[in-house]
Amino acid sequence: MVGLVDGAQPSLPPADDPVPESWRQLHDVRARAAERAHAAAGLRDAVLPGPASSNDLPYAGIAVRSVPAGDATGLGGDWHEAVQLPDGRLFLAVGDVSGHGEPAIDKMTRLRRALLGLSMTGASPGLLLAQLNALVLDGFADTTATVVCGHFDPATRRLSWAQAGHPAPILVRHGAARQLAAPAGVVLGATANPPYGMAEVGLAPGDLLLMFTDGLVERRDRDIGEGVSLAVRAAEEVAPEDVAVDAGTDPGADFGAKLDRFVEAVGGPNPEDDVCLLAMRLTGRT
């Protein structure tokens, strides 16, 4: 019997091999799967920034980590958004569309763009999710999605946010981390006219806000509650208590490296699901 190394393409057998056709079929199947994975990855990369991206604002440092599933053919619909609105507020969102491969990436692209367009109206996060839910029910057959989104006002340093069946953000302050209490909200596409509650929290210079998809905390070999507890403990290492936040201080040259270590501490790449992480760290500037 001819052995295969994991991840390697099988070499074709000699012409006089008694079972050449079965080997050729296996080779073709693997080649087509690799082509589909490559196409899906290219599409996803065209839609979202790379696995490590950042965008520093005067009042906050923002960094993103996007980690594909361990199974490259299982690329999913995880996404993130951070954009300044015309009124000066910052709109933040992280979401996850059900499914994998090109169909999920296509739906993710459309849903993300729809939410970004709706956000420009200045509507509250709860109303945005209600509108997005109606869109999913009307135009995305057999699709569900989860989202957490919010407005951060740099003038008041207050974050108002809502969620649709999505893990609540983690807040780190003075070296202590906690998961925020989530307002009411159900998965997009599950039912018509569900209530989407709102929550509000005041932030301070030095605070770190972590928004993430469930691929970070939910694994086959552990309960999601265990994963969240692990993430909360690991988050305390990202923003140490002695962070300097005066008006002339960089929010942290090693911020990105700490986020990488945070993802690894919670379990690293998920074999079955993408991981998307958006982090906002407040400075003392305005």
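Residues numbered from 1 in each chain as written. Predicted model: local features only at pLDDT ≥ 70, side-chain atom pairs only at ≥ 80, totals over all residues. Heavy atoms only, no water.

The name recorded for the protein chain in an unreviewed UniProt entry is PP2C family protein-serine/threonine phosphatase, from Sphaerimonospora cavernae.

Colleague: Just to check I follow, could you spell out the overall build of the protein chain for this structure?
Modeller: A count of helices and strands for the protein chain gives 5 helices and 11 strands. Per-residue burial for the protein chain yields a buried fraction of 47% across its 286 residues. Residue pairs in contact within the protein chain that sit at least 24 positions apart in sequence constitute 70% of those at least 6 positions apart. Accessible surface computed for the protein chain: about 13,300 Å², of which carbon and sulfur atoms make up 54%. (Helix = DSSP H or I, 4+ residues; strand = E, 2+ residues; numbered from the N terminus. Buried < 20%, exposed > 50% of the residue type's maximum accessible area, 1.4 Å probe, protein only. Contact = heavy atoms within 4.5 Å. Areas by Shrake-Rupley, 256 points an atom, 1.4 Å probe, with all protein chains shown as cover.)

Colleague: Even after reading the chapter, I still don't get helix α2 (residues 101–119), so can you show me in this structure?
Modeller: Given 3.6 residues per turn, any residue in an α-helix points the same way as the ones three and four places further on. Along its 19 residues, α2 runs 27 Å from first to last C-alpha, staying within 8% of the 27 Å computed at 1.5 Å per residue. Along α2, the residues classified as buried are Gly101, Ala104, Ile105, Met108, Thr109, Leu111, Arg112, Leu115 and Ser119. (Expected span 1.5 Å × (residues − 1).)

Colleague: Just checking my understanding: could you explain the nonpolar core for this structure?
Modeller: As a rule of thumb, soluble globular proteins bury nonpolar side chains together. Ile170, Leu210, Leu259 and Phe262 are the most contacted members of the largest nonpolar core, which totals 24 residues. For this core, the secondary-structure elements that each account for two or more residues are β2 (60–67), β7 (170–173), β10 (208–212), α4 (224–235), α5 (255–266) and β11 (275–282). In contact with phenylalanine 262, other than residues within four places in its own chain, are Leu210, Leu216, Ala231, Ala234, Ala235, Val238 and Leu277. Listed in part, the 23 residues of the second largest apolar core include Leu159, Val201, Leu209 and Leu282. (Core = buried A, V, L, I, M, F, W, Y, C linked by side-chain atoms within 4.5 Å.)

Colleague: Is there a simple way to explain the pairing of β10 in this structure?
Modeller: Side-chain direction in a regular strand flips from residue to residue, so the side chains alternate between the two faces of the sheet. Within β10, 5 of the 5 residues are buried, which leaves the element mostly enclosed by the surrounding structure. Burial along β10 is two-sided: the residues Leu208, Leu210 and Phe212 and Leu209 and Met211 are all buried. Summarising the sheet, β7 and β10 pair through 3 bridges and their orientation is antiparallel. Each residue of the ladder has a partner; that of leucine 171, found in β10, is leucine 209. (Pairing = 2+ DSSP bridges.)

Colleague: Help me understand the pattern of salt bridges, please; the structure alone is not making it clear to me.
Modeller: Side-chain pairs of opposite charge can arise where the charged atoms are in close proximity. Under the criterion given, the structure shown has 7 salt bridges. The closest approach of N and O atoms between arginine 112 and glutamate 81, which form a salt bridge, is 3.2 Å. Of this pair, arginine 112 sits in helix α2 while glutamate 81 is found in strand β3 (residues 76–84), placing the two residues 31 residues apart along the sequence. We classify arginine 112 as buried; its relative accessible area is 15%. By relative accessible area, glutamate 81 is classed as buried at 10%. Between glutamate 272 and arginine 220 there is a salt bridge, with the nearest N and O atoms lying 2.7 Å from each other. Linking glutamate 272 in the loop between α5 and β11 with arginine 220 in the loop between β10 and α4, this pair joins segments that are 52 residues apart in sequence. In this structure glutamate 272 comes out as partly exposed when scored by relative accessible area, which is 42%. (Salt bridge = Lys/Arg side-chain N within 4 Å of Asp/Glu carboxyl O.)

Colleague: Just checking my understanding: could you explain unusual backbone geometry for this structure?
Modeller: Across the chain, the bulk of peptide bonds are trans and the bulk of non-glycine residues have phi less than zero. Its identity as a non-glycine residue notwithstanding, arginine 157 has a phi of 55°, on the positive side. Take arginine 157: it is sitting in the loop between β5 (145–153) and β6 (158–164). Judged by its relative accessible area of 24%, arginine 157 falls in the partly exposed class. With a phi close to 55°, asparagine 193 is a non-glycine residue in the positive phi region. By the element assignment, asparagine 193 lies in the loop between β8 (176–179) and β9 (199–202).

Colleague: Would you mind showing me how to read the packing of α4 against α5 here?
Modeller: Relative placement of two packed helices is described by the angle separating their axes and the distance separating the axes. Running from N to C, α4 and α5 cross one another at 150°; their axes reach a closest spacing of 9 Å. Comparing the axis directions of α4 and α5 gives the class roughly antiparallel. Taken as a pair, α4 and α5 cross one another with a handedness that is right-handed. Residues Gly227, Leu230, Ala231, Ala234 and Ala235 of α4 form the contact with α5, whose own contacting residues are Phe262, Ala265 and Val266. Counted by class, the contact of α4 with α5 contains 7 nonpolar, 1 polar and no charged residues. (Axes fitted to C-alpha atoms, helices over the stretch in contact; angles between N-to-C directions. Parallel < 35°, antiparallel > 145°, perpendicular 65-115°, else oblique. Left-handed = near helix turned anticlockwise from the far one by under 90°. Nonpolar A, V, L, I, M, F, W, Y, C, P; charged D, E, K, R; others polar.)

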